[in-house]
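Commentary on secondary and tertiary structure
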Amino acid sequence: MKRLAAYGRLICFFVAAMIGVQIPQFVDQYGDAVYAHLNEAKASVAEFQQEADRYFDGSIERLIDYYRASDDPVFIDGGDSIETIYQRYQMLQSAWNQYQQGYWQRYQTTFLSPITDIRREAWARYDYAVRLTPEALVMAVVVGLFISLLADLLLSLLLWPLRKRRTVAN
């Protein structure tokens, strides 16, 4: 029985390590997706920024207000569209700045405060390639140990009532 438990621990560690070795690659892929969307949004805002620079001293907010103040529903809707594009750009810029603040911030941004549609896109495009970088190996060991210890603790807690009965019966 002890041998079976030891093999179970090894399998648990191996599976967790294989998951852990994937995490840095996924974090990089998420960052690449945020950067790509940011560049796309920047290109979309650029034309409106040129208009704002020309007519409103660079203020896109004033350009949006100007569109909305029109009596023409097409211009009003255009103002809403510009605002939506501009807000998306600001959100992506903020997410990119947060992602670049440091090593652990990349993980926090990816897993705890992601842009949901971009994380979903990164997950859908993820290819499960194993890049054996030092970061990936360290993550594999850390995740493997953590999940193994957690599984061992949970199993011990679940089997604890059975051990008490066995010792009382003897």
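Residues numbered from 1 in each chain as written. Predicted model: local features only at pLDDT ≥ 70, side-chain atom pairs only at ≥ 80, totals over all residues. Heavy atoms only, no water.

With respect to the environment of Gln29
Note the threshold: Here a helix means four or more residues in a row that DSSP labels H or I, a strand means two or more in a row labelled E, and each is numbered from the N terminus. Only protein chains enter the area calculation, which uses a 1.4 Å probe; residues under 20% of their type maximum are buried, those over 50% are exposed, and those in between are partly exposed. We call two residues in contact when some of their heavy atoms are within 4.5 Å.
Position of Gln29 among the secondary structure elements: in helix H2 (residues 23-55). Look at Gln29 and you get buried, because its relative accessible area is 18%. Residues Gln29 and Ala46, 17 residues apart in the sequence, show an inter-C-alpha distance of 26 Å. When neighbours within four sequence positions are excluded, Gln29 is seen to be in contact with Ala122, Arg125, Tyr126 and Asp127.

Side note on the packing of helix H4 (residues 73-99) against helix H5 (residues 103-111)
Helix-helix packing: each pair is described by the crossing angle between the helix axes and the interaxial distance. This is how the line gets drawn: Angles run from 0 to 180 degrees between N-to-C directions of axes, and those axes are lines fitted to C-alpha atoms, restricted for helices to the stretch in contact. Roughly parallel refers to an angle under 35 degrees, roughly antiparallel to one over 145, roughly perpendicular to one between 65 and 115, and oblique to any angle outside these ranges. All residues other than Ala, Val, Leu, Ile, Met, Phe, Trp, Tyr, Cys, Pro, Asp, Glu, Lys and Arg, Gly among them, are scored as polar; the first ten of these are nonpolar and the last four charged.
Put simply, H4 and H5 touch, their axes get as near as 8 Å, and they point 140° apart. The orientation of H4 with respect to H5, classified from their angle, is oblique. For the pair H4 and H5, contact is made by Ala95, Gln98 and Tyr99 and by Gln105, Arg106, Gln108, Thr109 and Thr110, respectively. Residues of the contact of H4 with H5, tallied by class, amount to two nonpolar, five polar and one charged.

Describing the UniProt feature "transmembrane region" (unreviewed entry) in the protein chain
Put simply, the rule reads: UniProt positions are given in the numbering used here, feature names are shortened, and annotations may be inferred rather than shown by experiment.
As recorded in UniProt, the feature "transmembrane region" (unreviewed entry) lies at residues 7-27 and 136-160. For residues 7-27, the helix share is 90%, the strand share is 0%, and the end-to-end C-alpha distance is 31 Å. Along residues 136-160 the backbone is 100% helical and 0% strand, and the end-to-end C-alpha distance reaches 35 Å.

Focus on unusual backbone geometry
Here Asp57, not a glycine, exhibits a phi torsion of approximately 50°, which is positive. As for its placement among the helices and strands, Asp57 is situated in the loop between H2 and helix H3 (60-69). For Asp57, a relative accessible area of 72% translates into the label exposed.

A few points about the pattern of salt bridges
The condition is simple: When a carboxyl oxygen of Asp or Glu lies within 4 Å of a side-chain nitrogen of Lys or Arg, that pair is called a salt bridge.
Per the counting criterion, the structure on display carries five salt bridges. The partner of Asp80 in a salt bridge is Arg68, and the shortest N-O contact between them spans 2.9 Å. With Asp80 in helix H4 and Arg68 in helix H3, this residue pair connects regions lying 12 residues apart in the sequence. The exposure class of Asp80 is partly exposed, given its relative accessible area of 33%. With its nearest N and O atoms 2.2 Å apart, the salt bridge here joins Glu83 to Arg68. Of this pair, Glu83 sits in helix H4 while Arg68 sits in helix H3, placing them 15 residues apart in sequence. A residue is classified by how much of its surface remains accessible, and Glu83, at 25% relative accessible area, is partly exposed.

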